[in-house]
Amino acid sequence: MFPDLTRDDVFRIETKRLWLRWPTARDAEAVSRLAGDPAVAGMTARIPTPLPLHEAEGFVIRSRAANTAGAGLILAICRRANPTGLIGIVSVEDRPEEAEPHLGYWLGRPFWGDGLMTEAAGALMEAYFAYAGGEALASAAMIGNGASRRVLEKCGFDRTGESAPVFEARGGPVPSHTFRLDRAAWLARREAAPEGRA
């Protein structure tokens, strides 16, 4: 899915406030602590709470393997002022239950409310469509997760419906809104934005 450019662990994306880079072993503690927070994990399909350190270490290993294979792009979100300090994760991955690659993300609770997730998601979308020649992205947000829905809407996604997928980490079906962004909509948005960027 992703080209050679992204398959090297020196690959990074810089935005105005953020540095997106491959996760490393030293990130596991922050993943365990921040993603395992019930307020964060409870809004995701796959993250248990608490999130044991060994599971966070396994996540880092699997993420690096997926990035190396080009099967996805899973990036640590860091502030530019502290590029070694993980504050969240943003990813594009194939999921067996979806026909199109899935944009997923989480952000540690201390960093909520400042638009950082929208900035990170927008940067990875740019990489997916511009570098990887992607045709469409899918995503979802739990019906009760207004913040996640707003991230997707600000990034140009359209709501396509509702579903109740089984979230193993949540113990069963969870009512969710489904979203989609295709290449034509991304290009139109990009062309309309200042300096050609959404």
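Residues numbered from 1 in each chain as written. Predicted model: local features only at pLDDT ≥ 70, side-chain atom pairs only at ≥ 80, totals over all residues. Heavy atoms only, no water.

A. Inspection of the UniProt feature "domain: N-acetyltransferase" (unreviewed entry) in the chain at higher detail. According to UniProt, the "domain: N-acetyltransferase" (unreviewed entry) feature falls on residues 17-157. Split by type, residues 17-157 is 38% helix and 26% strand. Its first and last C-alpha atoms lie 22 Å apart. (UniProt positions renumbered as here; feature names shortened; annotations may be inferred. Helix = DSSP H or I, 4+ residues; strand = E, 2+ residues; numbered from the N terminus.)

B. The arrangement of the nonpolar core in detail. Leu 20, Leu 75, Val 90, Leu 103, Trp 106 and Phe 157 are the most contacted members of the largest nonpolar core, which totals 53 residues. It is helix α4 (residues 116-130) that provides the largest number of residues to this core, a total of 10 residues. For Leu 20, the residues in contact, after removing those within four places along its chain, are Phe 11, Arg 12, Ile 13, Leu 75, Ala 76, Ile 77, Val 90, Ala 120, Ala 123 and Leu 124. (Core = buried A, V, L, I, M, F, W, Y, C linked by side-chain atoms within 4.5 Å. Buried < 20%, exposed > 50% of the residue type's maximum accessible area, 1.4 Å probe, protein only. Contact = heavy atoms within 4.5 Å.)

C. Just helix α5 (residues 146-154), in detail. Those residues of α5 lying buried are Gly 146, Ser 148, Val 151 and Leu 152. The inward-facing, buried residues of α5 contact β5 (102-107), α4, β6 (136-142) and β10 (176-182). Immediately beyond the C-terminal end of α5, within one or two residues, lies Gly 156, with a positive phi of roughly 95°.

D. Here's a closer look at the packing of aromatic side chains. The full count for this structure, using the stated rule, is four aromatic pairs. Between Phe 11 and Tyr 131 the ring centres are 6.3 Å apart and the planes differ by 85°, which places this aromatic pair in the edge-to-face class. Here Phe 11 is found in the segment before β1 (12-14), whereas its partner Tyr 131 is found in the loop between α4 and β6, with 120 residues between them in sequence. Residue Phe 11 is classed as buried on the basis of its relative accessible area, which comes to 8%. Through pairs of rings, three or more aromatic residues link up here, namely Phe 2, Tyr 128, Phe 129 and Trp 186. (Phe/Tyr/Trp six-rings, centres within 6.5 Å; stacked < 30°, edge-to-face > 60°.)

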